[in-house]
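The chain contents come next:
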Amino acid sequence: KTAGRQNPRTTSLRGGKRERMKKKPGAKDPNLITFLGKLFMTTASFVSEVFLALGLAAIVTLRPWRDGITYPGDNTYFLWAVAFLFAAWGLRVLVRGETIRFGGLLAALGLFYVVALVTSLGTVQFDATYRTLITWAGYWMLFVLAANGLRTRRSVGIVLGAFALT
């Protein structure tokens, strides 16, 4: 009876056979939602990765101009920049549920820092020790960012390019 006419409910051809598409009125297309979700996650991942890499590149590029050993007060800018990037990365890890890489090494360096804090209580030069401990905390955060935040060739290339420019 229906030779030559297509049934409006059979609009998809898969594998040479017609399949009936059971679509409820007002139902959303799961393929479009999946596509948009993947696009958003990919874009967000790209933006957060590049943001972190560009932040580290800015630190690498600007750090030699004002050295913290010659001008100890300039370590403040370095530490605040690293702390801001560390907080942004930490928020990304919490929101996405990412795993932290190199946990054993990070724990070992953290343990070293705790021992340094405990032994600093008996220091003779409190100001120098205090400044050094704060700088070491910044270096630890920088190591965590470099080890965990730079996961692709693109982000590593951005930071290494900044090293090459300086």
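Throughout what follows, the structure given in this document is the object of discussion. (Residues numbered from 1 in each chain as written. Predicted model: local features only at pLDDT ≥ 70, side-chain atom pairs only at ≥ 80, totals over all residues. Heavy atoms only, no water.)

## Section: the overall build of the protein chain
Part 1 of the reasoning: Scanning the protein chain for helices and strands turns up five helices and two strands.
Part 2 of the reasoning: Along the protein chain, from the amino end to the carboxyl end, the secondary structure elements read β-β-α-α-α-α-α.
Part 3 of the reasoning: Taking the intrachain contacts of the protein chain between residues at least 6 apart in sequence as the baseline, contacts between residues at least 24 apart amount to 70%.
Part 4 of the reasoning: Surface exposure of the protein chain reaches about 12500 Å², of which carbon and sulfur atoms provide 68%. (Helix = DSSP H or I, 4+ residues; strand = E, 2+ residues; numbered from the N terminus. Contact = heavy atoms within 4.5 Å. Areas by Shrake-Rupley, 256 points an atom, 1.4 Å probe, with all protein chains shown as cover.)

## Quick notes on a nonpolar patch on the surface
Part 1 of the reasoning: On the surface, L111, V114, V115 and V118 cluster together into a nonpolar patch covering about 360 Å² of accessible area.
Part 2 of the reasoning: Inspection of the secondary structure assignment puts L111 in helix 3 (residues 103-119).
Part 3 of the reasoning: Of the residues examined, L111 reaches a relative accessible area of 57% and is grouped as exposed. (Patch = residues over 30% accessible without salt bridge, like charges linked within 9 Å, V, L, I, M, F, W, Y side chains within 5 Å. Salt bridge = Lys/Arg side-chain N within 4 Å of Asp/Glu carboxyl O. Buried < 20%, exposed > 50% of the residue type's maximum accessible area, 1.4 Å probe, protein only.)

## A closer look at the nonpolar core
Part 1 of the reasoning: Formed by 19 residues in total, the largest nonpolar core has its most connected members in L52, L56, L85, W89, L145 and V159.
Part 2 of the reasoning: Contributing elements (two or more residues each) for this core: helix 1 (30-62), helix 2 (75-96), helix 4 (126-149) and helix 5 (153-165).
Part 3 of the reasoning: Contact partners of V159, with chain neighbours within four places excluded, come to A53, L56, A57, V60 and L150. (Core = buried A, V, L, I, M, F, W, Y, C linked by side-chain atoms within 4.5 Å.)

## Topic: the side chain of S120
Part 1 of the reasoning: If you trace the backbone, S120 turns up in the loop between helix 3 and helix 4.
Part 2 of the reasoning: In contact with S120, other than residues within four places in its own chain, are T129 and L133.

## Here's the deal with the packing of aromatic side chains
Part 1 of the reasoning: Counted under the stated rule, the structure contains six aromatic pairs.
Part 2 of the reasoning: Ring centres of F86 and W140 lie 6.1 Å apart, and the angle between their planes is 55°; this geometry places the pair in the tilted category. In this pair, F86 is assigned in helix 2 and W140 in helix 4, connecting sequence segments 54 residues apart.
Part 3 of the reasoning: Judged by relative accessible area, W140 falls into the partly exposed class, the value being 29%.
Part 4 of the reasoning: Here the aromatic residues F86, W89 and W140 are joined through ring pairs into a cluster of three or more. (Phe/Tyr/Trp six-rings, centres within 6.5 Å; stacked < 30°, edge-to-face > 60°.)

## Considering the side chain of R92
Part 1 of the reasoning: Turning to its location among the elements, R92 is positioned in helix 2.
Part 2 of the reasoning: A relative accessible area of 13% means that R92 is categorised as buried.
Part 3 of the reasoning: The residues touching R92, leaving out its near neighbours within four places in the chain, are S48, E49, G97, E98, N148 and G149.

## What to know about the packing of helix 3 against helix 4
Part 1 of the reasoning: At a minimum axis distance of 11 Å, the contact between helix 3 and helix 4 shows a crossing angle of 175°. Looking at the two axes, helix 3 sits roughly antiparallel to helix 4. From helix 3, L105, L106, L109, G110, F112, Y113, A116 and L117 reach across to helix 4, where they touch L133, I134, W136, A137, W140, F143, V144 and N148.
Part 2 of the reasoning: Residues of the contact of helix 3 with helix 4, tallied by class, amount to 14 nonpolar, two polar and no charged. (Axes fitted to C-alpha atoms, helices over the stretch in contact; angles between N-to-C directions. Parallel < 35°, antiparallel > 145°, perpendicular 65-115°, else oblique. Nonpolar A, V, L, I, M, F, W, Y, C, P; charged D, E, K, R; others polar.)

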